[in-house]
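Here is how the chains run, residue by residue.
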Amino acid sequence: MQQTRKTELWVGSFILAGICAILIMIFQVADVKGIGSSDTYTLNAEFDNIGSLKVRSPVKVGGVVIGRVTSITLNAESLLPVVRMAISGQYQQFPETSSVQILTSGLIGEQYIGLTPGFVFDDEQMLVDNDYIEDTKSAMVLEDLIGQVLYSVGGGNSESGEE
């Protein structure tokens, strides 16, 4: 009787340890940070086309993640997508001449925002909370590129008179 009770306790503790390990792996894969709010500031950018960019996509400078996309909305006046980004408070040295573009990890990978710091001139202002980044480059949509290639190949043959 005593031996089965000990075995049940060991099995129960192993199952509990396994559940904890799975939860830790889930939080690592999802890149979940602490529950409390951390020191961040918000930057905004308006794009012509955001492709398949999603909320929680990373914002990177030279491959280093410095923030995340917090929301994607549509500007009611210009009817263009506005992307809001939460940037870590330790990175507050971006000048107003900085630019952002939507990039893709690999050929058909996940899209993210690449922030390129601008040059600092003598009277240059730094980006602060809720500023808009003016210099933006939209996402390259793979379907559009394929369509352009097919159109240019098809158009080239018909112009020369060959069929």
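Being a predicted model, the structure only gives us computed values, none of them experimental.

*Asks:* Can you help me understand the nonpolar core in this one?
*Replies:* Note that soluble globular proteins tend to have their nonpolar side chains buried in a common cluster. Counting residues in each nonpolar core, the largest one holds 20 residues, and the members touching the most others are Leu43, Phe47, Val59, Val83, Met85, Ile87 and Ile113. Of all the secondary-structure elements, those providing two or more residues to this core are strand E1 (40-46), strand E3 (64-74), strand E4 (81-88), strand E5 (99-104) and strand E6 (111-116).

*Asks:* Help me understand the side chain of Lys60, please; the structure alone is not making it clear to me.
*Replies:* Here Lys60 is to be found in strand E2 (residues 58-61). It turns out Lys60 is buried and unbridged, and the closest side chain with the opposite charge, Glu110, is 6.6 Å from it. For Lys60, the contacting residues outside a window of four places in its chain are Val65, Ser105, Tyr112, Ile113, Gly114 and Leu115.

*Asks:* It is not clear to me how the sheet that holds E3 should be interpreted in this structure. Could you clarify?
*Replies:* One key point about sheets: their strands pair by backbone hydrogen bonds, in either a parallel or an antiparallel sense. Read across the open sheet, the eight strands follow the order E7-E1-E4-E3-E2-E6-E5-E8; overall the sheet is mixed. Looking at which strands have only one partner, the edges of the open sheet turn out to be strand E7 (131-133) and strand E8 (135-137). Looking at each pair of strands side by side, their axes are set apart by 30° on average, direction ignored.

*Asks:* Would you mind showing me how to read the pairing of E6 here?
*Replies:* One face of the sheet, then the other: side chains in a regular strand alternate in exactly this way. Most of E6 sits out of view: five of its six residues are buried. Strand direction decides the pairing type here: E2 and E6, joined by two bridges, are parallel. What sits directly across from Val59, in E6, is Ile113. Sheet topology note: the E5/E6 ladder contains six bridges and is antiparallel.

*Asks:* Quick question: what am I supposed to make of the layout of surface pockets here?
*Replies:* Gaps left between atoms show up when a probe the size of a water molecule is rolled over them. Computed from the structure, the second largest pocket encloses a volume of approximately 330 Å³. Lining the second largest pocket we find 17 residues, and of these Thr104, Leu107, Gln111, Met140 and Leu142 sit closest to its centre. Mapped onto the lining of the second largest pocket, the elements with two or more residues apiece are E5 and helix H2 (142-159). Tallying contributions element by element places E5 first for the lining of the second largest pocket, with four residues. Considered class by class, the residues forming the lining of the second largest pocket number eight nonpolar, eight polar and one charged.

Here is what the cut-offs are and how they apply
- Along every chain, residues carry numbers that run from 1 in the direction the sequence is written.
- pLDDT decides what is reported in this predicted model: residues at 70 or higher carry local features, side-chain atom pairs at 80 or more are listed and counted, and totals for whole chains, interfaces and linings draw on all residues regardless.
- Values reported for side chains reflect all heavy atoms of the structure, with hydrogen atoms and water molecules removed beforehand.
- The definition of a nonpolar core used throughout is a set of buried Ala, Val, Leu, Ile, Met, Phe, Trp, Tyr and Cys residues joined through side-chain atoms within 4.5 Å.
- Remark: exposure states derive from per-residue accessible area (1.4 Å probe, protein chains only) relative to the maximum for the residue type, with buried under 20%, exposed over 50%, and partly exposed in between.
- Secondary structure counts use DSSP, requiring at least four H or I residues in a row for a helix and at least two E residues in a row for a strand, with both numbered from the N terminus.
- We treat Lys and Arg as the positive residues and Asp and Glu as the negative residues; His and chain ends play no part in the count.
- Any Lys or Arg side-chain nitrogen located within 4 Å of an Asp or Glu carboxyl oxygen qualifies as a salt bridge.
- Only heavy atoms matter for contacts: two residues are in contact if any of them lie within 4.5 Å across the pair.
- We treat two strands as partners when DSSP finds at least two bridges between them.
- In this analysis, axes come from line fits to C-alpha atoms, helices being fitted only over the stretch in contact, and the angle between any two N-to-C directions falls in the range 0 to 180 degrees.
- Here a cavity means grid points, on a 1 Å grid over the protein atoms only, where a 1.4 Å probe fits yet cannot get out; a pocket means an open set of points with protein on both sides within 12 Å along at least five of seven lines; lining residues are those with an atom within 4 Å of a point.
- Grid points are joined across faces, edges and corners, and a volume is the space filled by probe spheres set on the points.
- Classes in brief: Ala, Val, Leu, Ile, Met, Phe, Trp, Tyr, Cys and Pro nonpolar; Asp, Glu, Lys and Arg charged; the others, Gly included, polar.

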